[in-house]
Amino acid sequence: MRNGSVQHRPFFRVLVANRGEIALRVMRSARQLGLGVVAVYSDADRDALHVKQADQAVRIGEALPAQSYLNIPAIIEAAKASGADAVHPGYGFLAENEDFAQACKDAGLVFIGPSPQAIEAMGNKAGAKEIMKKAGVPCVPGYQGADQGDEVMLSEAKKIGFPVMIKAVAGGGGRGMRLVTDAESFGDALRSARSEAKAAFGDPTVILERAIQNPRHIEIQVFGDSHGNAIHLGERDCSVQRRHQKLIEEAPSPAVTPELRAKMGEVAVAAVKALRYEGAGTLEFLLDAGGEFYFMEMNTRLQVEHPVTEAITGLDLVELQLRVARGEALPIKQQDVRFTGHAIEVRLCSEDAAQDFMPQSGRMARWQVPESVRVEHALQSGSEIPPFYDSMIAKVISHGATREEARGRLIVGLEQLTALGVTTNQAFLMSCLRHPGFAKGEATTAFIGAHRDELLAPSTNAAFDTALAGLLLYVTNPRAPSWQSGRSLSATFPLPAKIEITGHAHELEITRERDGSYIVADGRQERFEIEQLDPDAIRFRHDGVMDSAKFLRDGDRLYVQHRGIPLAVTDLTLAAPKAATSNGGDGKVRAAMNGRVVAVLVKPGDRVTAGQPVMTLEAMKMEHVHKAGIDGVVAAIDVAEGEQVTTGRIVAEIGAG
């Protein structure tokens, strides 16, 4: 049995065993309490902002998480070398690892979180459900037996009834989780879930649960201290998800009444007291259409979405964590908790929503955040986004007197945020926030799946976007005549141009008119009058409206952002024709992103059909199956399992046969 107590004593220097925006977030509250802060970093993060802003920073290993941010001995050694006497794990990585909490304790370090025993009890989904059942918390029916054999798992799934959820017992964040609708697809889903769970958490064990149809995902924020006090800070609605990972979170939930909040909060606090839990935690529930709720899991850490709770309560949750870890009593009683207004958070991720949310990595050439909303990030212009970690790069949070005010503030904030150089889900987030279903507060966990085509629909101003991109490519060309040359005796001859936007080529003609305006023709004509052209922004008049856009020119590549919608444009005017397709139609399977090969599913000589999985890559902690583009015979496998590959690299070759 692990030591169940939490170690309390004064500490003065906190090592943050994490990276990115959460590392900076923890450092901010620690410094407000007069504490020193220490960063750790992998080789991929040597120049990261959390490293630059810490008092001290210690290298802990190579880029892969297993060699750095999951390397417990290296982190403990970093704490000793820097003189840190406490460790904050943030979220993800080792935040819910009982071995890490115990290692900190054994090294004489204060672990800013619950005891190893509490983490262990709640970290295993099967065990957590048993504990919650005994505490009277309603749980989803399912199977969590020790026999993990394929036949047993399939038999239990049939007993539960499809659809069922497969869930990794050791983790969260959507990894190792699969929704299975029928018995035929169960085997493949089970293999994939186990593989992903093993890679992410080192444990392939899974449980099965009945899939509650179209529920709300509601979580209750709780806090406990060493004096026996426990409180809840209300709920967060985290229903808008993709790949079983949260994308939009808000507090309070549009679906939770004061009576239901009190009931769920009472259940959550009872569970915390039964565990003698200390620190921040979250109980996650599924809420069905009839108002019944079921326990899913408990997260024994700070949540990504904690800022929305901070916004409506006025509390600093990281500060509360630090104070409780020092042995202080919670400074607030349940009856003193007040909720003011409404808050919404979106997760800005480096991913391509149009390509099944494929993770993206690379250089964020231009990064600017608005002052009108809260933005948690660790980026600056020129920051590298490595392929080894989670795809979330920032959180944008708004607060308003009403939900509609918060929603409007967030949309405007996203319009003002600039992220150029790496594809993000910025436009997709705005589509979600503007959707009538979300605006009415009706979104369930089925929201993105049910409205995906609408949310991914191209801009209604596609012709304008194309024309603006063509104009910017023309006027920012070093050899182009000055746009300020004013009126002339005659118009210029139409100049042909060819550009590519989101995989679609456009043939344009650009004409400089006698009055100094520009006509860009692409089937229809768009007229622009340029008022001002700076190195990174343009101000223009179009259809009688003065407007502006931000842009970044990088050789034949142009990034444009107009009203928050970013576009990546390529100038093809002088480009040679492509020799072969990149989607596998030439028999070559190419890596869709920077990632690590985790499974090679075929071997040379195997006959495959178009659409058949041939290889699985892992990027930013998620698996992505790569499929054959044609029927044929596998001619070559060009990579090995465990190998790191770059975007576009040929990983397999298929010949006719």
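In this report, the structure presented in the accompanying data block is examined. (Residues numbered from 1 in each chain as written. Predicted model: local features only at pLDDT ≥ 70, side-chain atom pairs only at ≥ 80, totals over all residues. Heavy atoms only, no water.)

## Regarding the side chain of Ser192
Here's step 1: Looking at where Ser192 falls in the secondary structure, it is placed in helix α8 (residues 186–201).
Here's step 2: With a relative accessible area of 12%, Ser192 lands in the buried category.
Here's step 3: Of note is the side chain of Ser192, whose polar atom sits 2.8 Å from the side chain of Arg178.
Here's step 4: Residues in contact with Ser192, not counting those within four places in the same chain, are Arg178 and Glu623. (Helix = DSSP H or I, 4+ residues; strand = E, 2+ residues; numbered from the N terminus. Buried < 20%, exposed > 50% of the residue type's maximum accessible area, 1.4 Å probe, protein only. Polar contact = N/O pair within 3.5 Å; in protein donor to acceptor, adjacent residues only side chain to side chain. Contact = heavy atoms within 4.5 Å.)

## Quick look at the sheet that holds strand β8 (residues 177–180)
Here's step 1: One open sheet holds the four strands; their spatial order is β6-β9-β7-β8, and the pairing between them is antiparallel. Only two strands of the sheet have a single partner each, and these edge strands are β6 (142–143) and β8.
Here's step 2: Contacts from helix α6 (residues 125–134) reach β6, β7 (164–168) and β9 (206–210) within the one sheet, and its direction differs from that of β9 by about 50°. (Pairing = 2+ DSSP bridges. Axes fitted to C-alpha atoms, helices over the stretch in contact; angles between N-to-C directions.)

## Considering empty space enclosed by the protein
Here's step 1: Considering all chains together, one arrives at four cavities of 30 Å³ or more under this definition.
Here's step 2: The volume enclosed by the largest cavity comes to roughly 70 Å³.
Here's step 3: Considering the residues around the largest cavity, the lining is formed by twelve residues, among which Val6, Gln7, Lys105, Phe111 and Pro116 are closest to the centre. (1 Å grid on protein atoms, 1.4 Å probe; cavity = no way out; pocket = protein on both sides within 12 Å on 5 of 7 lines; lining within 4 Å. Points joined across faces, edges and corners; volume = space filled by probe spheres on them.)

## Here's the deal with the pairing of strand β29 (residues 545–554)
Here's step 1: Of the pairings in the sheet, the one linking strand β28 (residues 537–542) to β29 comprises six bridges and is antiparallel in character. Looking at the pairing, Phe540 lines up with Asp547 of β29.
Here's step 2: Taking the residues that link successive antiparallel strands as the turn, the β28-β29 hairpin has two residues, and the phi of Asp543 there is positive, at about 55°.
Here's step 3: Sheet topology note: the β29/strand β30 (residues 557–562) ladder contains five bridges and is antiparallel. Bridge pairing in β30 places Leu552 opposite Tyr559.

## Regarding unusual backbone geometry
Here's step 1: In this model, Phe162 is joined to Pro163 through a cis peptide bond whose omega is 5°.
Here's step 2: With respect to the element layout, Pro163 can be found in the loop between α7 (150–160) and β7.
Here's step 3: Ala251 connects to Pro252 through a cis peptide bond whose omega is -5°.
Here's step 4: By the secondary structure assignment, Pro252 is in the loop between β12 (245–251) and α9 (258–275).
Here's step 5: Unlike most non-glycine residues, Arg276 shows phi in positive territory, near 55°.
Here's step 6: Among the secondary structure elements, Arg276 is positioned in the loop between α9 and β13 (279–287).
Here's step 7: A positive phi angle, close to 55°, is found at Asp356, a residue other than glycine.
Here's step 8: As for its position among the elements, Asp356 is in the loop between β16 (351–352) and β17 (358–359).

## Focus on the packing of aromatic side chains
Here's step 1: Summed over the entire model, instances satisfying the criterion amount to 13 aromatic pairs.
Here's step 2: Look at Phe93 and Tyr389: their rings are 6.2 Å apart centre to centre, the planes differ by 80°, and that puts the pair in the edge-to-face class. On the criterion of sequence distance, the pair formed by Phe93 in the loop between β4 (86–88) and α4 (98–106) and Tyr389 in the loop between β21 (383–385) and β22 (392–400) is long-range, its members being 296 residues apart. Of the two residues, Phe93 and Tyr389, both sit in the buried class.
Here's step 3: Measuring from ring centre to ring centre gives 6.3 Å for Phe162 and Phe186, while their planes differ by 75°; the resulting arrangement is edge-to-face. With Phe162 in the loop between α7 and β7 and Phe186 in helix α8, this residue pair connects regions lying 24 residues apart in the sequence.
Here's step 4: With a relative accessible area of 26%, Phe162 lands in the partly exposed category.
Here's step 5: Of the residues examined, Phe186 reaches a relative accessible area of 1% and is grouped as buried.
Here's step 6: Taken together, the ring pairs in this structure connect Tyr69, Phe93, Phe388 and Tyr389 into an aromatic cluster.
Here's step 7: The positively charged end of Arg261 is found above the aromatic ring belonging to Phe339, 6.0 Å away from the centroid.
Here's step 8: Of note, Arg403 hangs over the ring of Phe438, and the distance from its end group to the ring centre comes to 4.6 Å. (Phe/Tyr/Trp six-rings, centres within 6.5 Å; stacked < 30°, edge-to-face > 60°. Lys NZ or Arg CZ within 6 Å of the ring centre and 35° of its normal.)

## Looking at the nonpolar core
Here's step 1: Residues Phe11, Ile248, Leu322 and Leu433 are the most contacted members of the largest nonpolar core, which totals 72 residues.
Here's step 2: Residues in contact with Phe11, not counting those within four places in the same chain, are Leu35, Asp85, Ala86, Val110, Ile112, Leu322, Ala325 and Arg326.
Here's step 3: Listed in part, the 30 residues of the second largest apolar core include Ile60, Ile72, Ile76 and Tyr389. (Core = buried A, V, L, I, M, F, W, Y, C linked by side-chain atoms within 4.5 Å.)

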